[in-house]
Amino acid sequence: AAGVIQSPRHLIKEKRETATLKCYPIPRHDTVYWYQQGPGQDPQFLISFYEKMQSDKGSIPDRFSAQQFSDYHSELNMSSLELGDSALYFCASSSGLAGGGSSYEQYFGPGTRLTVT
Amino acid sequence: GIQVEQSPPDLILQEGANSTLRCNFSDSVNNLQWFHQNPWGQLINLFYIPSGTKQNGRLSATTVATERYSLLYISSSQTTDSGVYFCAVERKRTGGFKTIFGAGTRLFVKA
């Protein structure tokens, strides 16, 4: 069965550089979530999109932005990178009404490991 | 906001032993999932269980939503069960849903 695809799997950037992470949800899933997991930490919710509209926002820094495109893939853009941004970034997808009704089981991608030097 | 507490924080088992992991949450939730994060960092879905009981092989889970807790049972543990087990809850709030993870239970199964 098709899973969530994330690219790149590994990324090394220097401080103050920018990075773009991509996520391709499971086919027919309309909701995408982004999470950040620091070393030894639990995943922290950043932002989610339903049907290409932002549906919820968590602890996402102002330096980060994200969007969901017409083909439902999503990109997380990170600017002015800091050492503390080094983490594993997960994308998850689900099929459901994130903005109303109820949302459903989330399936996670393999993650992008970002290292900022 | 809602608090999610998992216990125990760390667990060491001898291969073949059984264990129970607990997840308590401080308010009503719409959804609850259990994940296993393997040593390579991959998050694997174990159960989607907002309420009731489910079983999958050696694993089973029970969520009692009215009492705000969920339990994950691991029977006949194997070394490949090692990793971190996360409970994640989802709560509807104005504008959408927010997912909150517990701090996890770190499990090591010895051969």
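The structure we're discussing is the one just above.
Within any chain, residue numbers begin from 1 and follow the written order of that chain's sequence. Both sets of labels track the order of writing: A upward for chains, 1 upward for ligands. Confidence filtering applies because this is a predicted model: local features only for residues at pLDDT of at least 70, side-chain atom pairs given and counted only at 80 or more, and all residues used for totals across whole chains, interfaces and linings. Working from all heavy atoms in the structure, the side-chain values ignore hydrogens and water.

Draft legend 1. The packing of aromatic side chains, seen in detail. Here a Phe, Tyr or Trp ring, Trp counted by its six-membered ring, pairs with any other such ring whose centre lies within 6.5 Å, and the pair is stacked when the planes are under 30 degrees apart, edge-to-face when over 60, and tilted otherwise. Per the counting criterion, the structure on display carries nine aromatic pairs over all chains. Ring geometry for A:Y35 versus B:F101: centroids 5.7 Å apart, planes at 80°, classification edge-to-face. Here the residue A:Y35 occupies a position in strand β4 (residues 31–37), and B:F101 occupies one in strand β10 (residues 96–101), the pair thus bridging two chains. The pair A:Y35 / B:F101 is uniform in exposure class, with both members buried. Taking the relative accessible area as the measure of exposure, B:F101 reaches 6% and is therefore buried. Helix numbering and strand numbering both begin at the N terminus, where a helix is a DSSP run of H or I of at least 4 residues and a strand a DSSP run of E of at least 2. Categorising residues by exposure relies on relative accessible area from a 1.4 Å probe, with only protein chains included: less than 20% of the type maximum marks a residue as buried, more than 50% marks it as exposed, and the intermediate range marks it as partly exposed.

Draft legend 2. Examining the sheet that holds strand β8 (residues 69–74) of chain B more closely. Residues and elements named next belong to chain B. For two strands to pair, DSSP has to find at least two bridges joining them. The strand order β1-β3-β8-β7-β6 describes an open sheet built from five strands, whose pairing is antiparallel. Where the open sheet ends on each side, the last strands, each with one partner, are β1 (4–7) and β6 (52–56). Pairwise comparison of adjacent strand axes, ignoring direction, gives a mean angle of 15° for this sheet. Looking at chain direction, strand β7 (residues 59–64) and β8 are connected through six bridges and run antiparallel. The residue bridging V64 from the neighbouring strand is Y69, located in β8. Every angle, taken between N-to-C directions, lies between 0 and 180 degrees, and every axis is a line fitted to C-alpha atoms, over only the stretch in contact when it is a helix.

Draft legend 3. A look at the pattern of salt bridges. Any carboxyl oxygen of Asp or Glu that lies within 4 Å of a side-chain nitrogen of Lys or Arg is treated as forming a salt bridge with it. Tallied over the entire structure, the rule returns seven salt bridges over all chains. Salt-bridge contacts for B:R91 lead to B:D27; the nearest nitrogen and oxygen are separated by 3.4 Å. One end of the pair, B:R91, is in strand β9 (residues 83–93); the other, B:D27, is in the loop between β3 (19–25) and β4 (31–37), with 64 residues separating them in the sequence. Across the salt bridge formed by B:R58 and B:D81, the nearest N and O atoms sit 2.9 Å from each other. With B:R58 in the loop between β6 and β7 and B:D81 in the loop between β8 and β9, this pair connects stretches of sequence that are 23 residues apart. Given the relative accessible area of 26%, B:R58 is considered partly exposed. Exposure remark for B:D81: the relative accessible area of 7% places this residue in the buried category. Each of A:R63, A:E82 and A:D85 takes part in salt bridges that share partners, so that together they form one network.

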